[in-house]
Amino acid sequence: MATPTLLERGRSTAVETMTAAVVRDFEQPLAVEEVLRPVPAEGQVLVRIEAAGLCHTDIHAAHGDWPVRPIPPFTPGHEGVGIVTELGPGVTEVAVGDRVAIPWLGYACGTCEHCVGGWETLCLEQKNTGYSIDGGFAEYVAAYARYVVRVPLGIDPLDAAPLTCAGVTTYKAVKVAGTKPSDLVAVFGVGGLGHLAIQYAVVAGGTVVAVDLFDEKLELAHELGATHTVNARRADPIEAIQALGGADQAIALAVSPASFEQAYRSLRRGGTLVFVALPKENHVELPIFETVLNGITVVGSIVGTRNDLREVFELHAQGRTRVIRETRPLADVNEAIADVEAGRVAARIVFTP
Ligand SMILES: [Zn+2]
Ligand SMILES: [Zn+2]
């Protein structure tokens, strides 16, 4: 008999452990602890994580903030990027050694009308990484091979991580908004998502007005291509944006319903408001009369498809986007969450295991 390959040996020792940041209780901080390393099932690959971004969604997941709650214990993280180290049975889509991103859309059925129609992100059978299946806040993740996206050579995994949710989500939002050259795009919230939204709106040809509560973030917005900025603590963004003629599109990225309402009122006639952020308070008040008379479109945009993520990576490989991020060890996950909640983070935190 031939000597077992490294791969086969790896598979036979399935009781290996790894470090992960686990949500055990919505009221408690995450537990950074040793857990069993997952074994890839049929159609899955094992990915050794190099980088994993911290998204606001992870914080909502850890607190159980949303109407559909994840079930503890679970490992958050849907911006995991790493190297495929092992293939489960039947995998043909990727190979050992590939660098892949493991996005929020961890699995979809592949055959329903949404999947077939190019809207796999609406699939009712979907599983979400770091929410209904374990995510990237760990040394290893078992991911569905069909739903990982290859990271092109030349992209730093620390950049690829934020692009995997913040990037694809805002890229899709700009697509859904329908931004054309000559459009004025209002970006409400310049954080992990907003700093990328500004760049995609500029790539699409738009002129950008960025709104935030912190001057440092507005300076960053300028650096990344925003022509106008409004500090909503000092000035009324509705007045300021209407003085520019009103926004053709407004993208709501701040987790505050009041900011969604401001975004709505900053639109010009015929404008489009894109809902992206998911505030804990799940309601906004929008007037019917003005929506009808002004021909306003309000549309929700949820992450993006695998194709959208491929395009995001392509733009980054071409040097057309910049990812603003800081790295921290995964062990500091709870401090990182506190810093994001307090608005002390310029854009994105990326964990390294
Ligand atoms: Zn996210
Ligand atoms: Zn489907």
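Above this text you will find the structure in question.
Okay, so let's go over this structure. Quick caveat, the model's predicted, so the values are computed rather than measured. (Residues numbered from 1 in each chain as written. Chains lettered and ligands numbered in written order. Predicted model: local features only at pLDDT ≥ 70, side-chain atom pairs only at ≥ 80, totals over all residues. Heavy atoms only, no water.)

**Side note on the coordination of the zinc ion (ligand 1)**
Thought 1: Donor atoms from the polypeptide that bind the zinc ion (ligand 1) are Cys55 (SG), His78 (NE2) and Cys165 (SG), placed at 2.0 to 2.1 Å.
Thought 2: Written as a sequence motif, the donor arrangement for the zinc ion (ligand 1) is C-x22-H-x86-C. With a gap of 23 residues between them, cysteine 55 in the loop between β3 (44-54) and α2 (56-63) and histidine 78 in the loop between α2 and β4 (80-87) connect regions that are remote in the sequence. (Donors = N, O, S within 2.8 Å, 3.2 Å for Na, K, Ca; no water. Helix = DSSP H or I, 4+ residues; strand = E, 2+ residues; numbered from the N terminus.)

**Topic: the environment of arginine 328**
Thought 1: Of note, arginine 328 is situated in strand β16 (residues 325-329).
Thought 2: Along the chain, arginine 328 and valine 350 lie 22 residues apart, while their C-alpha atoms are 6.2 Å from each other.
Thought 3: Contact partners of arginine 328, with chain neighbours within four places excluded, come to Glu335, Ala336, Asp339, Val345, Ile349, Val350, Phe351 and Thr352. (Contact = heavy atoms within 4.5 Å.)

**Considerations on the pattern of salt bridges**
Thought 1: Under the criterion given, the structure shown has 20 salt bridges.
Thought 2: Between glutamate 50 and arginine 99 there is a salt bridge, and its shortest N-O distance comes to 2.8 Å. With glutamate 50 in strand β3 and arginine 99 in strand β5 (residues 99-102), the pair connects residues that are 49 residues apart, well separated along the chain.
Thought 3: In this structure arginine 99 comes out as partly exposed when scored by relative accessible area, which is 24%.
Thought 4: Across the pair glutamate 326 and arginine 328 runs a salt bridge, and its minimum N-O distance is 3.1 Å.
Thought 5: Given the relative accessible area of 16%, arginine 328 is considered buried.
Thought 6: If you follow the salt bridges from partner to partner, you end up with Lys172, Lys175, Asp308 and Glu311 in one network. (Salt bridge = Lys/Arg side-chain N within 4 Å of Asp/Glu carboxyl O. Buried < 20%, exposed > 50% of the residue type's maximum accessible area, 1.4 Å probe, protein only.)

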